[in-house]
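Chain residues, written in single-letter form:
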Amino acid sequence: MTREVTLPLIVDDRGALQVSAADVSKLLRTVGGRWLRLVETGEERLDEDTVAALTIELAKLADRIDVACIAHSSGQPT
């Protein structure tokens, strides 16, 4: 099953992106990593299985963004 995700990005009046895909990808990975550290240190009462599942999904989304960017920059269809 293929699921498409559309991420609204901020553009200026000329249509230029204000947030790069690399920044979005990095943010997704950072959020997941921070959640995992909170679980590991016990600082928050977070469900470990839920955090793990969400972190995996964020990483998958970041991977898809990275692959799409690589394909776009190399002229390959995704």
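Nothing here was measured: the structure is a model prediction, and the numbers come from that model. Once a new chain begins, its residue numbering starts again from 1 and follows that chain's sequence as written. For this predicted model, a pLDDT threshold of at least 70 governs which residues receive local features, and a threshold of 80 or more governs which side-chain atom pairs are given and counted, while totals over whole chains, interfaces and linings are taken from all residues. Values shown for side chains rest on all heavy atoms present in the structure; no hydrogens or waters enter the calculation.

### Structural notes on the nonpolar core
Next up, step 1: The definition of a nonpolar core used throughout is a set of buried Ala, Val, Leu, Ile, Met, Phe, Trp, Tyr and Cys residues joined through side-chain atoms within 4.5 Å. We call a residue buried when its accessible area falls under 20% of the maximum for its residue type, exposed when it is over 50%, and partly exposed in between, using a 1.4 Å probe and counting protein chains only. Of all hydrophobic cores here, the largest spans six residues; its members are V24, L28, L58, L61, A62 and I65.
Next up, step 2: Secondary structure elements are defined from DSSP: runs of H or I of at least 4 residues count as helices, runs of E of at least 2 residues count as strands, and each element is numbered from the N terminus. Elements with a contribution of two residues or more to this core: helix 1 (21-41) and helix 2 (48-74).
Next up, step 3: It is helix 2 that contributes the most residues to this core, four residues altogether.

### Digging into the pattern of salt bridges
Next up, step 1: In the sections that follow, a salt bridge refers to a side-chain nitrogen of Lys or Arg positioned within 4 Å of a carboxyl oxygen of Asp or Glu. By the definition in use, this model includes three salt bridges.
Next up, step 2: A salt bridge links R29 to D63, with the nearest nitrogen and oxygen atoms 2.8 Å apart. One end of the pair, R29, is in helix 1; the other, D63, is in helix 2, with 34 residues separating them in the sequence.
Next up, step 3: What makes R29 partly exposed here is its relative accessible area of 35%.
Next up, step 4: In this structure, D66 engages R29 in a salt bridge whose closest nitrogen and oxygen atoms are separated by 2.7 Å.

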